[in-house]
Amino acid sequence: MTDTASHRPPAAAVALVGALQELARADRLLLALDFDGTLAPFVDVPRGARALPESKAALDRLEHLPRTWVAYVSGRPLTSLETVTEAEADEDALLVGSHGVEIRFGRDGVSLDLTDDEQATLERLGGVLQELVDSIPGAKLEIKPVGFGVHYRQVDPAEGRTVVARAREAAAGVSDALTIRDGKDIIEFSVRGANKGDGVERLREYTKATAVLFAGDDVTDEDGFAVLRPERGDVGIKVGAGETAAQYRVADERAIATLLGLLAQAREAHVNSSTD
Ligand SMILES: O=P(O)(O)OC[C@H]1O[C@H](O[C@H]2O[C@H](CO)[C@@H](O)[C@H](O)[C@H]2O)[C@H](O)[C@@H](O)[C@@H]1O
């Protein structure tokens, strides 16, 4: 490789920047973004996670632009997502929580209305998983509206697989109809199945977006990538390693922050040129 070639940006990065410039020209643009591992670096205590300041600043610019919507699509319960995105008081916030089960679009929400069977399963599930985490140093139970997350980020790394196996076994003793999701140092069980793809489609319908950007880092984000329509200008960005259906990949949350800054700049330029 020549010295000049070694300083050239890789073709994939050039293609991604080009795709974002095209996206910036969309008539109605929706940014649907995963939170943890995409906007916010991982931390030990989930309520302490926050988007990188550069991402937050770019998203603030974007959501103030006409015909542009910013939405968060997360595995977190809606209330937790409101806290970490600082959207509690934002009456226009677009939030999809609990992997697509909980929805808050502006003032409108979806009532969960758990059936008696779902409620009973949830209670038994909580009992067995609480007993499990109490027996494993460092394990924590996250209570969610339709399920539970067993966190093992602070468990001895050699024990991670055992925690997952024991949690699966305990949950199987309660019901064989649970939705189970493996995440980053977490295994989650839900009595209701919906996914991030459902959430993205609901957002697309609500905003009447003509193009969508979805970015995510985890296996659960693959449902979001699966509903994208690249032939209509949608863009999917996978953050970090792992198999993906996304068209593009970046290394980490810092790269996402940089791209959101570029997109904000390109969208502002597009909006200004259309109003000239
Ligand atoms: O869909 P996401 O927005 O990526 O949410 C996935 C899960 O995120 C949270 O857990 C993860 O982040 C924590 C804070 O950095 C970290 O401690 C934990 O190990 C990660 O798994 C959240 O607590 C879960 O409810 C979400 O499902």
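The text that follows walks through the structure, step by step, so that each part is easy to find. On a predicted model such as this, the values are computed, not experimentally measured, just so you know.

**A look at unusual backbone geometry**
Moving on, step 1. Positive phi values are uncommon outside glycine, yet Arg67 reaches one of about 55 degrees.
Moving on, step 2. Classification of Arg67 as partly exposed rests on a count of 17 C-beta atoms within 10 Å.

**Description of the packing of helix H2 (residues 11–23) against helix H9 (residues 253–275)**
Helices that pack against each other are described as a pair by the angle of their axes relative to one another and the distance between those axes.
Moving on, step 1. At a minimum axis distance of 9 Å, the contact between H2 and H9 shows a crossing angle of 40 degrees. Our pair here, H2 against H9, has a crossing hand that is right-handed. Between H2, through Val17, Leu20, Gln21 and Leu23, and H9, the contact on the second element is made entirely by Leu259, Leu262, Leu263 and Ala266.
Moving on, step 2. Of the residues belonging to the contact of H2 with H9, the class tally is 7 nonpolar, 1 polar and no charged.

**What about the site of the ligand?**
Moving on, step 1. As a matter of local geometry, the ligand sits amid 23 residues, with Phe35, Asp36, Pro46, Ser74 and Gly75 nearest to it.
Moving on, step 2. Contributing elements (two or more residues each) for the shell around the ligand: strand E7 (147–151) and strand E9 (186–190).
Moving on, step 3. Here the shell around the ligand is composed, by residue class, of 6 nonpolar, 7 polar and 10 charged.
Moving on, step 4. Two domains each donate at least three residues to the shell around the ligand, and these are domain 1 (3–111 + 195–275) and domain 2 (116–190).

What counts as what
- Residues numbered from 1 in each chain as written.
- Predicted model: local features only at pLDDT ≥ 70, side-chain atom pairs only at ≥ 80, totals over all residues.
- Buried ≥ 20, exposed ≤ 12 C-beta atoms within 10 Å, placed from the backbone.
- Axes fitted to C-alpha atoms, helices over the stretch in contact; angles between N-to-C directions.
- Helix = DSSP H or I, 4+ residues; strand = E, 2+ residues; numbered from the N terminus.
- Left-handed = near helix turned anticlockwise from the far one by under 90°.
- Contact = placed C-beta atoms within 7 Å.
- Nonpolar A, V, L, I, M, F, W, Y, C, P; charged D, E, K, R; others polar.
- Near = placed C-beta within 6 Å.
- Domains from an automatic or database assignment.

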